[in-house]
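Residue-level listing of the chains:
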Amino acid sequence: MPVPLVIATDARDPRPRRELSVAAGTRLLTAAHEAGIDLTATCGGRGRCTSCRVKFLEGTVPPPTIMDEVQLGDDLVREGYRLSCQCLVIDRVVVQVAPPLDEQSFQILGAGPGVRASAPALTLDAGITKELLKVTLPREEHHQTSDLECLAAAVGVAPETVPLGVLSTLPQALRDDPAGVTVTTFSPGGRAAGGARRVIACERGDTTALKFGLAIDIGTTSVVTTLIELESGEQLASVSSLNPQAVFGGDLMSRIAFAQFNPGNLRKLHTRIVGLLNQHVAEVCRQSGVLSKWIYKAVLVGNTCMHHLLLGIDPSHVGLAPYAPVMRHAAVLPAREVPLKIAPEARVCLLPLVAGFVGADAVAVTLATRLADSDALRIAVDIGTNGEVILGSRARLMACSAPAGPALEGAQIRHGMRGAVGAIDRATVDDDVRVHTIGDAPALGICGSGLIDLLAGLLEAGAIDWTGLIAMDSRAALPPRLGARLVMRGEERQIVVLRAGEAGAPAEIVLTQDDVRQVQLAKGAIASGIAMLQHVAGVPDARVQELLLAGGFGNYVSIDSAVRIGLVPDLPGRIRYVGNAASLGAQLALLSERERARAAELAARIEHVSLAAHPDFEEIFVNAMNFPRR
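> Sorry, what's going on with the packing of aromatic side chains here?
Summed over the entire model, instances satisfying the criterion amount to 3 aromatic pairs. For the pair Phe-248 and Phe-258, a centre-to-centre distance of 4.4 Å together with 15° between the ring planes defines the contact as stacked. Of this pair, Phe-248 sits in the loop between β13 (235-242) and α7 (252-261) while Phe-258 sits in helix α7, and the two are 10 residues apart along the sequence. The exposure class assigned to Phe-248 is buried, which follows from its relative accessible area of 4%.

Quick look at the structure:
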């Protein structure tokens, strides 16, 4: 029997309401999503975070579940808050979506300085050619020919290779301008390779100077799109956004579980990312003044799950042992099949995957960092929700997936938040805790880089021991102001990072014992990934010439703090930031067909190391969770 459900979607004004009718016993979170209400569920609706919390305004408040009590705490539970993923709609109720943190101006690592600054010697050959042609058209009835055959003869291709999408505009284009027509072709492997060309556009008049492409990095948490002029390699515009799929889960396994739950959910995940990419296309075109019809090539990179969801491929079996992707090879598709709103027959190139969760983004990082170009052993670490570690040299390449999960993005942390205005992004600990916030704004919460700084400082001060335990018994040995921040509330150990009013904080900001454990799990995943590759390859720290930190989080975290908590090994003077290496790899493959071919060669060479299947992994992971002793 249908049950009325009313959801107040604006926390600042409960009057704007959505009135729904749902089947009795439906989960409240499910009902909201099916109605198109973006109720965020960072943990994928498993009761492991607080992002989907709602407040009951009318009707019977359901008794709290264990997860309600653990995640929300006694105070919020008494006020009528519940996790929507834990509630079943039985009777008519009115609920209000809890106010999220007012996160604005996210700190997302952009595309970087580009290929011209990073690889000045690169020979540009994107495989895109534009020619102005005079096409001789049929003049007499007895000529057994067609517009298409005349065009194909002028270009030097077989008529059957010209796609249907080009034919729809062909008659007018051939007849509208006495200057001729501009024919755009794509040559896989590059123009110099002399391979088969394919016509992808035919335009009236002379547009030969207008050739553009997109490099797109689809991350689990953020997406970066860059518009580039194909002849010069110049970046014309770049835009970045949070991945809108995060509403259905902050990590990959949550999104895979969401897709498994209902066949229609796969379409939701697919349309979310395609919709965002088309918004990005519109924005970079607006910034640059370039028309989308002049974008003839796009290169996309992402991990295995993001790759599959973009293509609308069911990722269910990627989340089940043996974690096999549906496809691994490099793919080239017409834009209309994605659908990406650029030239309809533009080539959309997806770099190949390696195995498991090691996807095209890891291949792009390997390409950009030139790991395979020297005899020196180097390690590239792309720290993120789904992190990857690549170790190698000219002789050998190895990679593994090191999923840190969403904790370093602020999820599953009591007062965690993403890197937005008001987030504590840096911290020092001496006789007290001192913080810096993004934008120097009043403190709202703690983002990942701030968490790492805090833990490093608290470890050094002795407020946390090497196992991660908040050292309540050692308060007397700490400086008085710092010691006063260590408190017991019920059975929970907490460190009061800021009291209300300090650093402009509107409310108290704490670091709980469970927060510390969540960070330990996240850093343990990355650290054990690095340690495992070194172990399998027989490479001690002394033989590692350089460790490269890539990705959004990796380039904002303090190297000293990362070393102090054991996130990365202690390699004095041999750790450096390399920016958004995945985006740079996509740009290289966009501007050079030779580089795109090289990416396929690298993917075939990379040996995938499955961490969980290795007999030594459990011991390495447990050791990596602990903090280095000093």
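Still more ground to cover, so stick around.
> Looking at this model, I keep getting lost on the sheet that holds strand β12 (residues 222-229). Mind explaining?
Strands in a sheet are paired, the pairing made by backbone hydrogen bonds, and the direction either parallel or antiparallel. Taken in spatial order, the 6 strands line up as β13-β12-β11-β14-β16-β15 in an open sheet, and their pairing is mixed. In this open sheet, the two edge strands, each paired with only one partner strand, are β13 and β15 (331-334). Adjacent strand axes in the sheet meet at a mean angle of 15°, parallel and antiparallel pairs treated alike. Relative to β12, strand β11 (residues 212-218) runs antiparallel, the two being bridged by 7 bridges. Bridge pairing in β12 places Ile-218 opposite Val-223. Lying over the sheet, helix α8 (residues 263-288) contacts β11, β12, β13 and β14 (295-302), oriented at roughly 145° with respect to β13. Sitting on the sheet, helix α15 (residues 581-591) touches β11, β12, β13 and β14, and the angle it makes with β11 is about 150°.

> Help me understand the pattern of salt bridges, please; the structure alone is not making it clear to me.
Once the charged atoms of two side chains with opposite charge are near each other, the side chains can pair. By the definition in use, this model includes 31 salt bridges. The partner of Lys-297 in a salt bridge is Glu-593, and the shortest N-O contact between them spans 2.7 Å. One end of the pair, Lys-297, is in strand β14; the other, Glu-593, is in helix α16 (residues 593-605), and 296 residues separate them in sequence. The residues Lys-297 and Glu-593 share a single accessibility class, namely buried. Notably, a salt bridge pairs Glu-607 with Arg-396, separated by 2.8 Å at the nearest N-O pair. Of this pair, Glu-607 sits in strand β28 (residues 607-608) while Arg-396 sits in the loop between β18 (387-392) and β19 (397-402), and the two are 211 residues apart along the sequence. On the basis of relative accessibility, which here comes to 32%, the residue Glu-607 falls in the partly exposed class. In this structure Arg-396 comes out as partly exposed when scored by relative accessible area, which is 36%. Here the salt bridges share partners, and the residues they tie into one network are Arg-336, Glu-337, Glu-345 and Arg-347.

> Honestly, the packing of helix α10 (residues 360-369) against α15 in this entry has me stumped. Any pointers?
Packed helix pairs are specified by the crossing angle of their axes together with the interaxial distance, meaning the distance between the axes. Remark: α10 packs on α15, axes separated minimally by 7 Å, with the N-to-C direction vectors making an angle of 80°. Between α10 and α15, the angle falls in the class roughly perpendicular. For the pair α10 and α15, the contacting residues are Asp-361, Ala-364, Val-365, Leu-367, Ala-368 and Thr-369 in the first and Ala-581, Ala-582, Leu-584, Gly-585, Ala-586 and Leu-588 in the second.

> Please clarify how the packing of α15 against α16 should be interpreted in this entry.
The contact between α15 and α16 brings their axes to 5 Å, and the two run at 125°. Put simply, α15 runs oblique to α16. Contacts between α15 and α16 involve Leu-588, Ala-589 and Leu-591 from the former and Glu-593, Glu-595 and Arg-596 from the latter.

> Would you take a moment to explain the nonpolar core for this structure?
Soluble globular proteins: nonpolar side chains tend toward being buried together. Counting 94 residues, the largest nonpolar core has Leu-214, Ile-218, Leu-310, Leu-340 and Ile-342 as the members making the most contacts within it. Sort the elements by how many residues they give to this core and α8 lands first, with 9 residues. Discounting residues that sit within four places of it in the chain, Leu-310 has contacts with Ile-218, His-270, Ile-273, Val-274, Leu-277, Leu-300, Val-338 and Leu-350. Counting residues in hydrophobic clusters, the runner-up holds 65 residues, among them Val-433, Val-497, Ala-505 and Leu-571.

Criteria and thresholds
- Residues numbered from 1 in each chain as written.
- Predicted model: local features only at pLDDT ≥ 70, side-chain atom pairs only at ≥ 80, totals over all residues.
- Heavy atoms only, no water.
- Phe/Tyr/Trp six-rings, centres within 6.5 Å; stacked < 30°, edge-to-face > 60°.
- Helix = DSSP H or I, 4+ residues; strand = E, 2+ residues; numbered from the N terminus.
- Buried < 20%, exposed > 50% of the residue type's maximum accessible area, 1.4 Å probe, protein only.
- Pairing = 2+ DSSP bridges.
- Axes fitted to C-alpha atoms, helices over the stretch in contact; angles between N-to-C directions.
- Contact = heavy atoms within 4.5 Å.
- Salt bridge = Lys/Arg side-chain N within 4 Å of Asp/Glu carboxyl O.
- Parallel < 35°, antiparallel > 145°, perpendicular 65-115°, else oblique.
- Core = buried A, V, L, I, M, F, W, Y, C linked by side-chain atoms within 4.5 Å.

The values are spatial; any link to function lies outside them.
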